[in-house]
Structures are given as C-alpha cells and as structure tokens.
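Observations on the model geometry
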Amino acid sequence: MNITKIRSVCIIDDDPIFIYGTKRIMNEADFTDEILVFNDGQEAFDALKTITEKGEELPSMIFFRH
C-alpha cells in the first residue's frame, strides 16, 4: 500500500505530553515533513493568518484538542 506523505501538519494544544506523543507518532510513521505547534487558538490563528498573507500554503491537517 502506497501512502502519500503530508507536507505539513499543525498541532494546537497546551499539553506538552499530548504534543510530544503526537509528534513522536507522526515522526515514527514518517507522516509529514513539517509539524507546526501552537499552544492556543489565538497563537495558531495569528501564525496561520501570517502564512496566508505571505501567500504560503497552509498545513494540510490541523490537530486540535479541547
């Protein structure tokens, strides 16, 4: 089975254990090239807005846990 690698992923959470575990699983599975991490929604919104204003590509997936 051939699985396409995701270019970038965004994690939004303030729990360092969740972030660590999620990043570790993604890295071991060779799931993505880039992982963006934000500790809260406002921080993520501001950064993603800047990305779009620069004309850059947004992450393909956003993981958010509340």
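Anything mentioned here points back to the structure above.
Description of the structure in this document. (Residues numbered from 1 in each chain as written. Predicted model: local features only at pLDDT ≥ 70, side-chain atom pairs only at ≥ 80, totals over all residues. Heavy atoms only, no water.)

Quick look at the pattern of salt bridges
We count it as follows: Just to be clear on terms, a salt bridge is a Lys or Arg side-chain nitrogen sitting within 4 Å of an Asp or Glu carboxyl oxygen. The helix count covers DSSP runs of H or I at least four residues long, the strand count covers runs of E at least two residues long, and both are numbered beginning at the N terminus. For every residue, the accessible area obtained with a 1.4 Å probe (protein chains only) is divided by the maximum for its type, and the residue is called buried under 20%, exposed over 50%, and partly exposed between those limits.
What the rule picks out here adds up to eight salt bridges. For Lys-5, the salt bridge identified is with Asp-30, shortest N-O distance 2.8 Å. Of this pair, Lys-5 sits in the segment before strand S1 (6-12) while Asp-30 sits in the loop between helix H1 (16-28) and strand S2 (32-38), and the two are 25 residues apart along the sequence. Residue Lys-5 is classed as partly exposed on the basis of its relative accessible area of 36%. As a salt-bridge pair, Glu-57 and Arg-7 come within 3.5 Å of each other at their nearest N and O atoms. Linking Glu-57 in the loop between helix H2 (41-53) and strand S3 (61-64) with Arg-7 in strand S1, this pair joins segments that are 50 residues apart in sequence. One network of salt bridges, in which partners are shared, links Lys-5, Asp-30 and Asp-33.

Overview of H1
Basically, it comes down to this: In this analysis, the expected span of each helix is defined as 1.5 Å times one less than the number of residues it contains. In this analysis, two residues are considered to be in contact whenever any of their non-hydrogen atoms come within 4.5 Å of each other. Contacts described as polar in this section are N or O atom pairs within 3.5 Å, which, within protein, must combine one atom able to donate a hydrogen with one able to accept it, while residues neighboring in sequence count only if both atoms come from side chains.
In this model H1 runs 18 Å from its N-terminal to its C-terminal C-alpha over 13 residues, within 8% of the 18 Å that 1.5 Å per residue would give. For H1, the elements touching its buried residues are S1, S2 and S3. In this structure Asp-15 caps H1, since a side-chain oxygen of it lies 3.0 Å from the backbone nitrogen of Ile-17. The first or second residue beyond H1 is Asp-30, which carries a positive phi of 50 degrees.

Quick notes on the side chain of Ser-8
Tracing the backbone through its elements, the reader meets Ser-8 in strand S1. A distance of 3.3 Å separates the side chain of Ser-8 from the side chain of Arg-7, its partner in a polar contact. Once residues lying within four places of it in the same chain are set aside, the contact partners of Ser-8 are Thr-32, Glu-34, Leu-58, Pro-59, Ser-60 and Met-61.

Quick word on the nonpolar core
Here is the rule: Among buried residues, those of type Ala, Val, Leu, Ile, Met, Phe, Trp, Tyr and Cys that are joined through side-chain atoms within 4.5 Å constitute a nonpolar core.
Counting seven residues, the largest nonpolar core is built from Cys-10, Ile-12, Leu-36, Phe-38, Ala-44, Leu-48 and Ile-51. When residues of this core are traced back to their parent elements, those giving at least two are S1, S2 and H2. Looking at this core, the element that brings in the most residues is H2, giving three residues. Each residue touching Ala-44, except ones within four places of it in the same chain, is listed here: Ile-12 and Phe-38. Counting five residues, the second-largest nonpolar core is a separate cluster that includes Ile-6, Val-9, Ile-19 and Met-26.

Nothing here speaks to function; it is all geometry.
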